[in-house]
Amino acid sequence: MSLNIPGLVVMVLFYLLVLGTGIWASMKSKQVHKSSQADQTEITLLGNRGISLAVGVFTMTATFVGGGFIVGLTEAVYTPTMGLTWAVMPVTAALSFIVGGLFFAKKMRDRKYVTMMDPFQIKYGNLISGVLSVALLISDIIWVTGTLIGLGATMSVILDLSYTLCIWISAAVAIIYTLLGGLYSVAYTDIIQLSLIFFSLWLCVPFILMNPNSADITETAFNFTYQAPWIGSVDKERAWGWIDNFLLLTLGNLGYQDFHQRTLSASSSATARITCFIAAPIIFILGIPSVLIGAVAASTDWNMTLYGSPSPYERGEAGQVLPIALQHLTPNYISVIGIGAVAAAVMSSTDSALLSAASIFSSNIYKNILRTEASERELQWVIRITVVLVGLAGTSLTFLHNSILVFWILGSGITYTIMFPQLVCVLFFNISNGYGSIIGLLVGVLLRVLSGEPSIGLPVVLHFPGCTFEDGMYVQRAPVMTICMLSTIFATLLFSYLASLLFNKKLIPKRWDVFKVGTHKHPQKQILMSNGTTKTNEEEEKSEAENETEIKLTTSRTDEEII
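Residues numbered from 1 in each chain as written. Predicted model: local features only at pLDDT ≥ 70, side-chain atom pairs only at ≥ 80, totals over all residues. Heavy atoms only, no water.

1. Digging into the overall build of the chain
Keep this limit in mind: Helical segments are the DSSP runs of H or I of at least four residues, strand segments are the runs of E of at least two, and each set is numbered from the N terminus. The rule is simple: take the accessible area with a 1.4 Å probe, protein chains only, and divide by the maximum for that residue type; under 20% is buried, over 50% is exposed, in between is partly exposed. The method behind every accessible area is Shrake-Rupley, applied with a 1.4 Å probe, and residues are considered shielded solely by the protein chains displayed.
Counting its secondary structure elements, the chain contains 21 helices and 2 strands. Within the chain, the proportion of its 563 residues that are buried is 57%. About 23,100 Å² of surface is accessible on the chain, with carbon and sulfur atoms providing 67% of the total.

And the structure:
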């Protein structure tokens, strides 16, 4: 196979379009900075909290419709041992937006947080927030790797270009425009990218469905034709595993900074919530083409195509089934259009992960821990350097060539078992404190490590009920991730209560109270430090009047007891 010149030209034009949009958005960012008194850091990370409803819906949806979503969804439907019943990503993503809009968006937007780590820094201090911030950075790097693998596989198959070259070029483009304009560049390029994803994928579907080498997908859905029915099934042994994956992909998304960055950048808390509710059905619709392509691939007699026998699954190429299907089941010009959809999806997620990591490191680690006196100019350079380093780290890991689903589950595993339960506790339970957070973190990580993970070669040490020995290794049948998540919440709240009780009853000397749970610190001052701004307390009091009143009353009672 020779180099696909028309496809290469189309991809170059697409990259130039995206890059041009990013440069234009960066100019808009500079104009906003000149015409307002807002901090440059807040403009870069949150778009001056002025992202409209329309732009917000585009960028929220595009963030989660990445290469992992499109290519991984097709892989799940096509794989004989999984099928449609296991391809739950569109449903779980939609549910994530709904849950986030109902419970998280308003609470966090009203408090004017800069990142999702701000409540941890305010309530628990720098030590715990620093550790959790590192976990988030790791999940963002994994996110970048998973999305870029999808693009490398697609472009290398259809364009006959080097897998490594495809990935590094795409990563470079995403890094450049993210560097130039921050959230403005990310949000406005998302509009172009999501539009291309929608029209390109749906344009490919009729050609895929009408190709002569595939059987009717309505017949192969429930009947064994060329492989097991693509509808899939959930047998009794794997039922808990299915529930575990479903909850992981639903609630794990809420542990990513990417999601909260979209709601925090909205022009109001109402806009933030509506953005989530509108994005939910859109992301579900965007998953349908990938499902249909996977169904057709499972219904294809590959011996009748140029690909030949054995099938992609038998060759160990199930992770590349989307580009393989586009290459061999559609005309060349249609397969090129399909590449554009994957490339757009990859960059829309990659840039979000880059900016997310830059936000966490610059705001919660560098500004509030390492260099509290850092200037705005210095922070801008920190953001740029972080974008580059995270991009390089994520891109470098693509040499592993693992299944996209593996990276998807690993990244969500970190956010589901660690970040999500910690976020729930810090936002919704007043009793939570630093002591409980540390114990909860240790319990969650320890249980997760001892439970094992076959996809990365981590052996099973802790055998939950139903654990079986198959093909030389132990396989967990229990909902391991969910057990770890619930254990983290339980341990956090239990030990928070015990620590508070021991110090308030003076059973432990107050001088040993490192996290000051026996006395109340000055929350208003901490909020200012976390946000890195010089705003007055009155702005915070407007959105949290009742909460501040309660804190003042509690502080008064504590002072009286001390006197």
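2. Let's talk about the packing of aromatic side chains
To keep things clear, this is the line we draw: Each aromatic pair joins two rings of Phe, Tyr and Trp (for Trp, the six-membered one) with centres within 6.5 Å, and gets the label stacked for planes under 30 degrees apart, edge-to-face for over 60, and tilted for any other angle.
Going through the model one piece at a time under the given rule, you end up with 18 aromatic pairs. Taking the centre distance of 6.3 Å and the plane angle of 15° together, the rings of phenylalanine 97 and phenylalanine 259 count as stacked. Of this pair, phenylalanine 97 sits in helix α5 (residues 89–110) while phenylalanine 259 sits in helix α11 (residues 257–264); the two residues are 162 residues apart in sequence, bridging distant segments of the chain. Summarising the burial analysis for this pair, phenylalanine 97 and phenylalanine 259 share the class buried.

3. Observations concerning the environment of proline 212
Within the fold, proline 212 resides in the loop between α8 (163–209) and α9 (217–220). Along the primary structure proline 212 and aspartate 301 are separated by 89 residues, whereas in three dimensions their C-alpha atoms are 9.6 Å apart.

4. Things to note about helix α17 (residues 434–451)
The following threshold applies: A helix is expected to span 1.5 Å multiplied by its residue count minus one. Distance and chemistry together define a polar contact, namely a pair of N or O atoms within 3.5 Å, with one atom able to donate a hydrogen and the other to accept it when in protein, and with adjacent residues in sequence counting only for side-chain atoms on both sides.
The terminal C-alpha atoms of α17, which comprises 18 residues, lie 26 Å apart, in line with the 26 Å expected from a rise of 1.5 Å per residue. If you check which residues of α17 are buried, you get Gly434, Tyr435, Gly436, Ser437, Gly440, Leu441, Gly444, Leu447, Arg448 and Ser451. Two or three places before tyrosine 435, at the opening of α17, asparagine 433 has a side-chain oxygen 3.1 Å from that residue's backbone nitrogen.

5. Describing the pattern of salt bridges
Where we set the bar: Salt bridges are defined by distance alone: a side-chain nitrogen of Lys or Arg within 4 Å of a carboxyl oxygen of Asp or Glu.
Following the criterion strictly, the structure yields 7 salt bridges and no others. One salt bridge in this structure joins lysine 106 and aspartate 110, with 2.7 Å as the shortest N-O distance. Here lysine 106 and its partner aspartate 110 are both found in helix α5, 4 residues apart, which amounts to about one turn of the helix. Two residues, glutamate 237 and arginine 477, come together in a salt bridge whose shortest N-O distance is 4.0 Å. Of this pair, glutamate 237 sits in the loop between α9 and α10 (239–251) while arginine 477 is found in the loop between β2 (473–475) and α18 (480–504), placing the two residues 240 residues apart along the sequence. Each of Glu237, Glu470 and Arg477 takes part in salt bridges that share partners, so that together they form one network.

6. Things to note about the confidence of the model for the chain
This is how the line gets drawn: Each residue carries a pLDDT score, the predictor's confidence in it, ranging from 0 to 100. By the convention used here, residues are in contact when the closest approach between their heavy atoms is within 4.5 Å.
For the chain, per-residue confidence averages 85 on the pLDDT scale, and residues scoring 70 or more make up 90% of the total. Counting interchain partners and residues more than four positions distant, the pLDDT-below-50 stretch residues 520–563 has 45 contacts.

7. A short note on the environment of glutamine 193
If you trace the backbone, glutamine 193 turns up in helix α8. Under the relative-accessibility criterion, glutamine 193 is labelled buried at 0%. A sequence separation of 135 residues divides glutamine 193 from phenylalanine 58, and the C-alpha atoms of the two residues are 9.1 Å apart. Among all residues touching glutamine 193, those that are not within four sequence positions of it are Val18, Tyr177, Ala344, Met347, Ser348 and Asp351.

8. Some points on the nonpolar core
Where we set the bar: We call a set of buried residues a nonpolar core when its members are Ala, Val, Leu, Ile, Met, Phe, Trp, Tyr or Cys and they connect through side-chain atoms within 4.5 Å of each other.
Of all hydrophobic cores here, the largest spans 143 residues; its most connected members are Tyr15, Ile70, Phe97, Ile197 and Met419. Broken down by element, the residue count for this core peaks at 19 residues, all from α8. Once residues lying within four places of it in the same chain are set aside, the contact partners of isoleucine 70 are Val65, Ile197, Leu201, Ser290, Leu322, Ala341, Val342 and Ala345. Core analysis: the second largest hydrophobic core is formed by 5 residues, Leu447, Phe464, Val480 and Cys484 among them.

9. Re helix α4 (residues 67–78)
Compared with an ideal rise of 1.5 Å per residue, which puts 12 residues at 16 Å, α4 spans 16 Å between its outermost C-alpha atoms and is within 8% of the ideal. Among the 12 residues of α4, 12 are classified as buried, and the element is accordingly described as predominantly covered. For α4, every residue scored as buried is listed here: Gly67, Gly68, Phe69, Ile70, Val71, Gly72, Leu73, Thr74, Glu75, Ala76, Val77 and Tyr78.

10. Some details on the packing of helix α1 (residues 5–35) against helix α14 (residues 332–370)
Note the cut-off: Angles shown run from 0 to 180 degrees and are taken between the N-to-C directions of axes, each axis being a line fitted to C-alpha atoms and, for helices, limited to the stretch in contact. A clockwise turn of the near helix away from the far one marks a right-handed crossing, whereas an anticlockwise turn of less than a right angle marks a left-handed crossing. All residues other than Ala, Val, Leu, Ile, Met, Phe, Trp, Tyr, Cys, Pro, Asp, Glu, Lys and Arg, Gly among them, are scored as polar; the first ten of these are nonpolar and the last four charged.
Relative to each other, α1 and α14 sit at 30°, their axes nearing to 10 Å. For α1 against α14, the interelement crossing comes out right-handed. For the pair α1 and α14, contact is made by Gly7, Val10, Met11, Phe14, Tyr15 and Val18 and by Val336, Ile339, Gly340, Ala343, Ala344 and Met347, respectively. Looking at side-chain class alone, the contact of α1 with α14 contains 10 nonpolar, 2 polar and no charged residues.

11. Section: the packing of α14 against helix α15 (residues 376–396)
Put simply, the rule is: Any angle between 65 and 115 degrees counts as roughly perpendicular, while under 35 counts as roughly parallel, over 145 as roughly antiparallel, and the rest as oblique.
The geometry of α14 relative to α15 is characterised by a closest axis approach of 8 Å and an angle of 135° between their N-to-C directions. When the axis of α14 is compared with that of α15, the two are oblique. The two elements α14 and α15 cross, and the hand of that crossing is right-handed. Listed contacts from α15 to Leu354, Ala357, Ala358, Phe361, Ser362, Tyr366 and Lys367 of α14 are Glu378, Leu379, Val382, Ile383, Thr386, Val387, Val390 and Gly391.

12. What to know about the side chain of glutamine 380
Locating glutamine 380 in the fold gives a position in helix α15. Here the side chain of glutamine 380 touches glutamine 40 through a polar contact of 3.5 Å, landing on its backbone oxygen. Residues within four places of glutamine 380 in sequence aside, it is in contact with Gln40, Thr41 and Thr44.

13. Structural notes on unusual backbone geometry
The bulk of non-glycine residues show a negative phi, and the bulk of peptide bonds are trans. Proline 310 follows serine 309 through a cis peptide bond whose omega is -5°. With respect to the secondary-structure elements, proline 310 resides in the loop between α12 (269–298) and α13 (321–329). In this model, asparagine 48 sits at a positive phi of 60°, which is unusual for a non-glycine residue. Within the secondary structure, asparagine 48 sits in the loop between α2 (40–46) and α3 (53–64).

14. Observations regarding the environment of valine 475
On the secondary structure map, valine 475 appears in strand β2. Since its relative accessible area comes to 18%, valine 475 is described here as buried. Expressed as a C-alpha distance, the spacing of valine 475 and valine 460, which sit 15 residues apart in the sequence, is 7.6 Å. Setting aside chain neighbours within four positions, we find valine 475 in contact with Gly466, Cys467, Thr468 and Glu470.

15. Focus: a positive patch on the surface
Note the following rule: What makes a patch is a set of residues exposed beyond 30% relative accessible area and free of salt bridges, joined within 9 Å when like-charged and within 5 Å when nonpolar (Val, Leu, Ile, Met, Phe, Trp, Tyr). When charges are counted, neither His nor the chain ends are considered; positive counts come from Lys and Arg and negative counts from Asp and Glu. The location of each charge is read from NZ of Lys, CZ of Arg, CG of Asp or CD of Glu.
A surface patch of positive charge is lined by Lys30, Lys34, Arg377 and Arg384. Among the elements of the structure, α1 and α15 are those that each provide at least two residues to the positive patch. Residue placement: arginine 384 occurs in helix α15.

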